[in-house]
Amino acid sequence: MPRGGHWAEDEYQVSTALGNVAWAALALLQLHARTREPAYLAGAVDLGAWLKSGLREDDAGLTGGYFGFDPASKPIPWKSTEHNIDALAVARWLKSETGDPQWDPLARSTLHFVTSMFDGEQGFLIGTDTSGKPARNGITVLDVQIWPLMVMPAGERPAGWNEAPLRIDAKLAVPGGYDFNDDRDGIWIEGTAQAALMFRLEGDEERAEGLMESVLDNRDAASGWLFATRDEEISTGLTIDAAGVGEAFRYYRRPHLGATAWAVLAATAFNPFRAN
């Protein structure tokens, strides 16, 4: 930081989140798919091995990772549906690329967990609480509803998963797109771009184009990046730390890398969870 002349990090920044590790593995797999550089695949295998090390005997998905400063970081006891979706994508891709059966337990466990988090009324639950019980808090979150469709081909999905478009329209739609959660206090640009990509991959170009028009209306003229939201701020129902005791996690009308990146993916029909 400029004032002290040193780099400062908080507990969240130095922690290791399951989903973030999975996304790094997916990035390496995408690079390997294009370059066939063995080092990229080797890196993905190493990260996949870390994911696999979190498997438990109950075969019910992976916990959230580790939180806090070394050497006192502690395991995160809750399980995130979103994170397990990410790990499922890694396991499926590594099995497809290597043919190695060592990835089968990871794919089986994460798929079992994601499937167990599906509720016919609410859709995909956000995950479990710290005791391992499903978090039936009534909150429906956008990305958890649509990412499973990007990971699992249509012919391999349980029937209820295909109702995601109807579900997000009923619970999360706001003028111009979708909110992060179902309080509908504003449009989440990153998630709306994700929905546009989902519709495009599912063959509904009309819905995808309509959402993309709305997304691109929220571009910062100075930087070219997209804003996180059209509104001054929106809520998520989550906290900014993995322990669940931090301040509220909110999005603000500021240029946002995630929103910009997902808009690029949607514009190019690029599925980040599978080889394109």
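Residues numbered from 1 in each chain as written. Predicted model: local features only at pLDDT ≥ 70, side-chain atom pairs only at ≥ 80, totals over all residues. Heavy atoms only, no water.

## Some points on the pattern of salt bridges
Here is the rule: When a carboxyl oxygen of Asp or Glu lies within 4 Å of a side-chain nitrogen of Lys or Arg, that pair is called a salt bridge. Type-normalised accessible area, obtained with a 1.4 Å probe on protein chains alone, sets the label of each residue: buried when under 20%, exposed when over 50%, and partly exposed for intermediate values.
For the coordinates displayed, the defined rule picks out nine salt bridges. Of the charged contacts in the structure, one is a salt bridge between Asp-104 and Lys-95, with a shortest N-O distance of 2.9 Å. Residue Asp-104 is classed as partly exposed on the basis of its relative accessible area of 29%. On the basis of relative accessible area, Lys-95 is assigned to the partly exposed category, the value being 29%. Beyond isolated ion pairs, a larger network of salt bridges with shared partners links Arg-200, Glu-205 and Glu-209.

## A short note on unusual backbone geometry
Heads up, the condition is: We count a stretch as a helix when DSSP gives it H or I for four or more residues in a row; a strand needs E for two or more, and each element gets its number in order from the N terminus.
Of note, the amide linkage connecting Asp-70 to Pro-71 takes the cis form, showing an omega dihedral of 0°. One can find Pro-71 in the loop between β2 (65–67) and β3 (74–76). With a phi angle near 60°, Arg-36 is a residue other than glycine that sits in the positive phi range. Of note, Arg-36 is situated in the loop between α2 (18–35) and α3 (38–52).

## Points about the environment of Pro-148
The condition that has to hold: Note on definitions: a residue-residue contact is assigned when non-hydrogen atoms from the two residues lie within 4.5 Å.
Examined against the element boundaries, Pro-148 turns out to sit in helix α6 (residues 142–151). Pro-148 gets classed as buried once you look at its relative accessible area, which sits at 3%. Distance from Pro-148 to Asp-185, taken between C-alpha atoms, is 25 Å for residues 37 residues apart in sequence. Other than its neighbours up to four places away in sequence, Pro-148 contacts Ile-85, Phe-124, Asp-143 and Trp-161.

## As for the side chain of Lys-79
The cut-off we apply is this: Between N or O atoms, a polar contact is any pair within 3.5 Å; within protein, one atom must be a potential hydrogen donor and the other a potential acceptor, and residues adjacent in sequence are included only when both atoms are from side chains.
Inspection of the secondary structure puts Lys-79 in the loop between β3 and α4 (81–98). A distance of 2.6 Å separates a polar side-chain atom of Lys-79 from the backbone oxygen of Ala-60. For Lys-79, the residues in contact, after removing those within four places along its chain, are Asp-58, Ala-60, Gly-61, Leu-62, Thr-63, Asn-84, Phe-113, Ile-126, Gly-127 and Thr-128.

## Side note on the nonpolar core
Basically, it comes down to this: Residues belong to a common nonpolar core when they are buried Ala, Val, Leu, Ile, Met, Phe, Trp, Tyr or Cys residues joined through side-chain atoms within 4.5 Å.
Membership of the largest hydrophobic core comes to 63 residues, with the highest contact counts inside it found for Leu-51, Ile-168, Tyr-178, Phe-199, Trp-262 and Phe-273. The element that contributes the greatest number of residues to this core is α4, accounting for eight residues. When sequence neighbours within four positions are dropped, the list of residues in contact with Ile-168 reads Leu-142, Gln-145, Ile-146, Ala-173, Tyr-178, Ala-195, Met-198 and Phe-199.

Remember that the coordinates give geometry; whether it matters functionally is a separate question.
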